[in-house]
Amino acid sequence: MNIKTIIYIIIVAALASCTKVVEIDLNEASPQIVMDAYVQDYGEDWKFQKVNAKLTRSMSIYEDSAPEVFENLEVYVTNEQGKRFKLDYNNQVFMYNILIDDVDRSTNWTIETNIEGNEITSETSIPNYIAIDSIVAVKLPFGPRVDGLSPICFFTDIPGEANYFRLRISINGIPMNSLFITRDDGFDGQQIAYPFMNTEAFVGDTLTISLLAIDELSFEYYKVIMQNMGGGFSAAPGNPITNIEGEGVIGVFTGQTISEVTRIIE
Amino acid sequence: MSYKLLIIGVFFILVSTNVIAQSQYSVSGTITDADNGEDLIGAMVRVKEKPSIGAISNVYGFYSISLPKGNFTLEYSYVGYTVKSVKVSLKSDIKKDIELKPASTQIQGVEITGERSDANVTSGEMSVSKISIKEVEKIPVLFGERDIMKTIQLLPGIKSEGDGGAGFFVRGGSADQNLILLDEAPVYNASHMMGFFSVFNSDALKDVKLYKGGMLAQYGGRLSSVMDIKMKEGNNKTFHASGGIGLISSKLSVEGPIVKNKGSFIVSGRRTYADMFLAFSTNEKQKSSTLFFYDFNLKANYKIGSKDRVFVSGYLGRDKFGFSEDFGFDWGNKTATIRWNHIFSSKLFSNTTLLYSDYNYVFKATFNNKRIEAGSEIVDFSLKEDLQYFVNNNNKISFGGNIIHHTFSPGDLMIDGEVQPDNTLEDRYSIESAIYVSNEQKIGKDFQMTYGLRYSNFTQIGPGTIYNFDNDGSLIDTVGYSKNEKVASYNGLAPRLNLLYIINNKSSVKASYARTYQYLHLVSNSTSSTPTDVWLPSSNNVKPEIADQIAFGYFRNFKNNSYEFSSEIYYKKIQNAIDYRVGAEVNFNPYVEGDLIFGNARAYGLELMLKKRIGRLSGWVSYTISRVEKQFEEINSNSFYPARQDRTHDFSIVGMFDITERLNISATWVYYTGSAVTFPSAKYYIDGMAVNYFTERNGYRMPDYHRMDVGVNWNAKEYTQKLNIKTGKLEKVRKRIQSSWNFSVYNVYGRENAYSITFRSNAENPNVTEAIQLSLFRWVPSVSYNFKF
């Protein structure tokens, strides 16, 4: 180890910031019922729409178990034609696949249930479908280390309307547990390139990217969650505005379309 | 309206009853340093035959004293300078320019502070913080840099934003409520490298004064404080240079006469080289990256005849951060000032100033073979006129006005040099103006009052597309305005009052009241000031913030003014305070005004300080206990809640000890209660991600902050022995180059002070949530070599 390296290490060690786990005494909030639900359309080529709802309870910040899941419930969705569907429970989730042949494709949806005597309802609208144009993985100047590649998703916005997006990414079948959102501000009707900045892929990896066009309220919901995740630097930390109605209920009911592309990075 | 007329009427009655025509003559002129020609601010003129009469030189060194016909002995004094006595025979007005000779730098351990020794008790100003440049040079701060901004935060009522924070808080005010003036030009971002250094090179500075309250009528535009920084004029007798070489930065100042005794200049420059450590990297892109800042101060002045003097000063500073050619972020300030001092008569002094100020930041990136630049800017052009009329020895009237044209460019986007109109926010324009008048009046020998009025106007003008929002922040209207068309206008009448009662020659009580208006607002989507914070003007949606502050104080000196004690209590109430809706977006948001919410704030506290000014051991202890609270309908059910900058206890100890004439050691210890912060009270899961759930804003506290810094200053020998060829004897001769070494350690016991605490899922077990504390600095040593010749 030469002197330059030693000096570099000393200086970096002296100046480097440090992180550590600390214990903070927190007040206990009264438990809230959480609805995490969506109604999803796959585009005109697909003949069904899917509804999915997971109902859980909030918990103490330091609790290290999975959240309590509500199981024995009757959860219904109603489309804009007034047709009502009861969701089936399977593996901690209430879900239903609605065949489009049977009913008209529906944009506006309502969900309702009753939990512990609380009537819980919500409404949402599915925005217009937007497809992924292509996905690539390239070396970005401010991307991951050494030979890592940054995935980028290309898609074309619909002109003349405000559009909001959420993206998901998985590499080799392992999903990235992060929020990626954007909107078409300043790019109305144009092709948008969304780079996954803190994500690293390599040649030979199987890359799957999902583009969800979501409703505005859901976008605002996820935006606040992201701001609150921002290293504690948000000047206005707080709970996002929920579209769920009911006493002691939080969460979001999202209307979304999905376009998904998988490719192997070459 | 009747309230305003009453105030104006009372003001003129008070003034007019004291303007009594007598057969008085004036002695006036400027008081300067005999060695370098610098104006001496606050120098004292006394009349030996009439001890109750005196005058003090203003910020340009000008004084005026009125006396009847006769013979008098005038005594000119300034701490650290030899008193000069001048006999005058008054039959008409006399001009007397005085040069005072510095006394030897250490007379029985006298510390040169450049202020009257009894100023703590006898000055009519209260809630004013002053630190001499010499004290700044001794007190250790981060990276060994002399830093006026960091040092002044060791005084009561002035709180640091914390490690890595750019701003400071004065009596509970937020960082944007401080007006920072460099030779009268506003500086919008007074820090380099995210707050690690201030933009002010102490080698170029002459005087720094911070008003925490009791604002004089000539100041306005910010609620909480005015930091008035004056640059040196430059030595108008001989050429000199001084500089320093440190671990992180180097600096150089050169000053000298343009024409001896008539004009001078000073140029100071500074550059860091933190990026030199990147040269150790094996990565080619990291090697070619940049991380540095530079700043230049330039000032020149010239006397035209005996009544006129012209000054030109400027500042240019820039921070540059770049990763290879691919990504860059830089920001900085530019200011320029042209000033003209004119002495109309022995009683009327004028200062006319033309100002320019610019702050901007730019992000640069190369993406998809395109060069992208995004940034924001604020530009001011301003004209000011300040006059002082020395009515008599008991009345000094100050009056004047100013007008500022602001241009705000909140967000520009360029791709390959072409502006992208769809992604560029429109510029905003406004005119801010004010007129003021005040009188500093002595009533008897024990009572003094300074009263004044400031009337300001702020008008937002077109061109532009202006949005109207309802109380919920929803856009309800969009209106186009043509060039110079009025969009919104606000007026403010701000009374100012300072009272002083001298109990005896050792103690006094003071009181003050000031109303202030703020028309520019810094919006930030972060808990800490950053270069990307955006300045917004008051508008159709954003009303001016208004503060009313009262303060009372008791001041006492001990042991022949070698100890100063001050105590002040204050209460400040703010209307139209600004906070943010949850989810507010500040940057590049044309609808940002809809993300703001408006409410009230209040701040109150007690400040105590004991200072030892003289002796081998000098320094001070300061303590502040205070509260800052906000109230907004949308937050915490409209209850008062602690503001982010609320810190109950704030404690500083500063000590400087001269071990020998050449060796000085200094230390500071600071402690403050952790800032108010918002932590989650529960968590829930959305799409497999843990999400924080909050029950209240600012309901928790960061851990308490404390640290100790130490520094050692070692001066090389000032004199050397030289053989006098004529006499054949060895003589003591002053060395041409004076030098010193400074060694310091910041945070000497390595406390891990919390910069932030965030709650995140454990990477290995996502069901587990951890609180992660980030600390910035532990032990930071530094060494620097300083020289002057």
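Values in this document were obtained by computation on a predicted structure and should not be read as measured data.

**Looking at the overall build of chain A**
Alright, step 1. Of regular secondary structure, chain A possesses two helices and 18 strands.
Alright, step 2. The buried share of chain A, taken over its 266 residues, is 50%.
Alright, step 3. Long-range pairs, those at least 24 residues apart, make up 67% of the contacts in chain A between residues at least 6 apart in sequence.
Alright, step 4. If you sum the accessible surface of chain A, you get close to 13000 Å²; carbon and sulfur atoms cover 50% of it.

**Considerations on the interface of chain A and chain B**
Alright, step 1. Contact with chain A, which involves 68 residues of that partner, is made by 65 residues of chain B.
Alright, step 2. Viewed at the interface, chain B and chain A are joined by five salt bridges.
Alright, step 3. Note that Arg166(A) is salt-bridged to Asp687(B), the shortest N-O span being 2.5 Å.
Alright, step 4. If you look at where chain A meets chain B, you find 21 residue pairs in polar contact (both at pLDDT 80 or more).
Alright, step 5. Contributing elements (two or more residues each) for the side of chain A that touches chain B: helix H1 (3-15), strand S1 (18-22), strand S2 (33-41), strand S12 (164-171), strand S15 (191-195), helix H2 (216-228) and strand S18 (249-264) of chain A.
Alright, step 6. At seven residues, the largest contribution of residues to the side of chain A that touches chain B is made by H2(A).
Alright, step 7. Sheet topology note: the S1(A)/strand S52 (residues 769-775) of chain B ladder contains five bridges and is antiparallel. Within S52(B), the residue paired with Lys20(A) across the bridge is Gln773(B).

**What about the sheet that holds strand S51 (residues 754-761) of chain B?**
Each strand in a sheet pairs with its neighbour through backbone hydrogen bonds, running either in the same direction (parallel) or in the opposite one (antiparallel).
Alright, step 1. If you trace the three strands from one edge of the open sheet to the other, you get S1(A)-S52(B)-S51(B), paired in antiparallel fashion. Of all the strands in the sheet, just S1 of chain A together with S51 of chain B have a single pairing partner and so form its edges. Adjacent strand axes in the sheet meet at a mean angle of 30 degrees when their direction is disregarded.

**Digging into the packing of aromatic side chains**
All names here are of chain A.
Alright, step 1. The final tally for this structure, using the stated rule, is 44 aromatic pairs over all chains.
Alright, step 2. Between Tyr42 and Trp46, the ring centres sit 5.6 Å apart and the planes meet at 40 degrees, which makes this aromatic pair tilted.
Alright, step 3. Ring geometry for Phe155 against Phe165: centres 4.7 Å apart, planes inclined by 55 degrees, an arrangement best described as tilted. Residue Phe155 is located in strand S11 (residues 150-156), and its partner Phe165 is located in strand S12; the two are separated by ten residues in the primary sequence. For the pair shown, Phe155 and Phe165 are each scored as buried.

**Describing the sheet that holds strand S2 (residues 44-47) of chain B**
All names here are of chain B.
Alright, step 1. Read from one edge to the other, the open sheet built from four strands follows the order S3-S2-S5-S6, with strand pairing classed as antiparallel. On the outer flanks of this sheet lie strand S3 (50-56) and strand S6 (84-90), each paired with one strand and no other. Averaged over all adjacent pairs, the angle separating strand axes in this sheet is 25 degrees, with direction ignored.
Alright, step 2. Relative to S6, strand S5 (residues 70-77) runs antiparallel, the two being bridged by seven bridges.

What counts and how
Residues numbered from 1 in each chain as written. Chains lettered and ligands numbered in written order. Predicted model: local features only at pLDDT ≥ 70, side-chain atom pairs only at ≥ 80, totals over all residues. Heavy atoms only, no water. Helix = DSSP H or I, 4+ residues; strand = E, 2+ residues; numbered from the N terminus. Buried < 20%, exposed > 50% of the residue type's maximum accessible area, 1.4 Å probe, protein only. Contact = heavy atoms within 4.5 Å. Areas by Shrake-Rupley, 256 points an atom, 1.4 Å probe, with all protein chains shown as cover. Salt bridge = Lys/Arg side-chain N within 4 Å of Asp/Glu carboxyl O. Polar contact = N/O pair within 3.5 Å; in protein donor to acceptor, adjacent residues only side chain to side chain. Pairing = 2+ DSSP bridges. Axes fitted to C-alpha atoms, helices over the stretch in contact; angles between N-to-C directions. Phe/Tyr/Trp six-rings, centres within 6.5 Å; stacked < 30°, edge-to-face > 60°.

Interpretation note: all reported values are geometric properties and have no functional meaning in isolation.
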